[in-house]
Amino acid sequence: QVQLVESGGGSVQAGGSLRLSCAASGRTLSSHVMGWFRQAPGKERVLVSRIPWSGGDTWYADSVKGRFTVSRDNAKNTVYLQMNSLKSEDTAVYYCAARRGTRLQYEYWGQGTQVTVSS
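All values derive from a computational prediction rather than experimental measurement. (Residues numbered from 1 in each chain as written. Predicted model: local features only at pLDDT ≥ 70, side-chain atom pairs only at ≥ 80, totals over all residues. Heavy atoms only, no water.)

Undergrad: Is there a simple way to think about the overall build of the chain in this case?
TA: A tally of helices and strands in the chain yields 0 helices and 11 strands. The N-to-C order of helical and strand elements in the chain reads β-β-β-β-β-β-β-β-β-β-β. In terms of overall dimensions, the chain is globule-like: its C-alpha atoms have a radius of gyration of 13 Å, near the 14 Å expected for 119 residues. Residues classed as buried in the chain amount to 44% of the 119 residues present. (Helix = DSSP H or I, 4+ residues; strand = E, 2+ residues; numbered from the N terminus. Rg over C-alpha atoms; globule rule 2.2 N^0.38 Å. Buried < 20%, exposed > 50% of the residue type's maximum accessible area, 1.4 Å probe, protein only.)

Undergrad: Even after reading the chapter, I still don't get the sheet that holds strand S1 (residues 3-7), so can you show me in this structure?
TA: Strands in a sheet are paired, the pairing made by backbone hydrogen bonds, and the direction either parallel or antiparallel. Here 4 strands make up an open sheet; going across it, the order is S1-S3-S8-S7 and the pairing antiparallel. The open sheet has two edge strands with one neighbour each: S1 and strand S7 (68-73). Taking each pair of neighbouring strands and ignoring which way they run, the sheet shows an average axis angle of 15 degrees. Two strands pair when backbone bridges link them, and strand S3 (residues 18-25) and strand S8 (residues 78-83) are joined in this way by 6 bridges, in the antiparallel orientation. When the sheet's bridge partners are listed, Leu18 is paired in S8 with Met83. (Pairing = 2+ DSSP bridges. Axes fitted to C-alpha atoms, helices over the stretch in contact; angles between N-to-C directions.)

Undergrad: I keep staring at the environment of Arg19 and nothing clicks. Help me out?
TA: Here Arg19 lies in strand S3. In the structure, Arg19 is positioned 61 residues away from Tyr80 in sequence and 6.7 Å away in space, judged by C-alpha atoms. Non-local contacts of Arg19, meaning those with residues more than four positions away in its chain, are made with Ser7, Gly8, Tyr80, Leu81 and Gln82. (Contact = heavy atoms within 4.5 Å.)

Undergrad: Got a minute to help me understand the state of the cysteines in this structure?
TA: Two cysteines whose sulfur atoms are joined by a covalent bond form what is called a disulfide. One pass over the structure, following the stated rule, counts 1 disulfide. There is a disulfide in this structure between Cys22 and Cys96, and the S-S distance comes to 2.0 Å. Linking Cys22 and Cys96, the disulfide has an S-S dihedral of approximately -70 degrees and is accordingly described as left-handed. Of the two residues, Cys22 sits in strand S3 while Cys96 sits in strand S9 (residues 92-100), which places them 74 residues apart along the sequence. Taken individually, Cys22 and Cys96 each receive the classification buried, so the pair is uniform in this respect. (Disulfide = S-S within 2.5 Å.)

Undergrad: What should I look at first to understand the nonpolar core in this one?
TA: Most often, soluble globular proteins have nonpolar side chains that are buried together. Ranked by internal contacts, the top residues of the largest apolar core, which has 30 residues, are Leu4, Met34, Trp36, Leu81 and Met83. Elements with a contribution of two residues or more to this core: S3, strand S4 (32-39), strand S5 (46-52), S7, S8, S9 and strand S11 (113-118). In this structure, Val33, Tyr95, Ala97 and Tyr106 belong to the second largest nonpolar core, which totals 5 residues. (Core = buried A, V, L, I, M, F, W, Y, C linked by side-chain atoms within 4.5 Å.)

Undergrad: What should I look at first to understand the environment of Phe68 in this one?
TA: Relative to the assigned elements, Phe68 resides in strand S7. Residue classification places Phe68 among the buried positions, given a relative accessible area of 3%. C-alpha separation for the pair Phe68 and Ser17, spaced 51 residues apart in sequence, amounts to 9.5 Å.

Undergrad: What am I meant to see in the pattern of salt bridges here?
TA: One side chain can pair with another of opposite charge once the charged atoms of both are near each other. Summed over all chains, the structure comprises 5 salt bridges. Across the salt bridge formed by Asp90 and Arg67, the nearest N and O atoms sit 2.7 Å from each other. With Asp90 in the loop between S8 and S9 and Arg67 in the loop between strand S6 (59-60) and S7, the pair connects residues that are 23 residues apart, well separated along the chain. A residue is classified by how much of its surface remains accessible, and Asp90, at 0% relative accessible area, is buried. Of the charged contacts, one joins Glu107 and Arg100 as a salt bridge, the two residues approaching to 2.5 Å between their closest N and O atoms. Assessed through its relative accessible area of 24%, Glu107 is described here as partly exposed. Given a relative accessible area of 27%, Arg100 falls into the partly exposed group. Counted as one network, the salt bridges with shared partners bring together Arg38, Arg67 and Asp90. (Salt bridge = Lys/Arg side-chain N within 4 Å of Asp/Glu carboxyl O.)

Here's what the structure looks like:
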């Protein structure tokens, strides 16, 4: 079993920055892919970025490319999402998730953290 706990959300003005953290515990994640999702009010949850825990190519949704950076710290068992040049449309609940590399569906989810960007 894997437990994921997000932190770092909050309120910021447009143009500002936030860094989200996702602390993982419970089992080794060396064969997993970590994803950051977001869900805005009235909209579906969408993937914004992902990173393999063991290293490799990262991926970003077009809407955040060039502004968000995903990274991991294996020693701390933590994945980060650095969000710069925030826009009002980035307002959402952000979720951290994990899936085994051989699967398409994310199996483990955090509780989510709210990000609110005011213009």
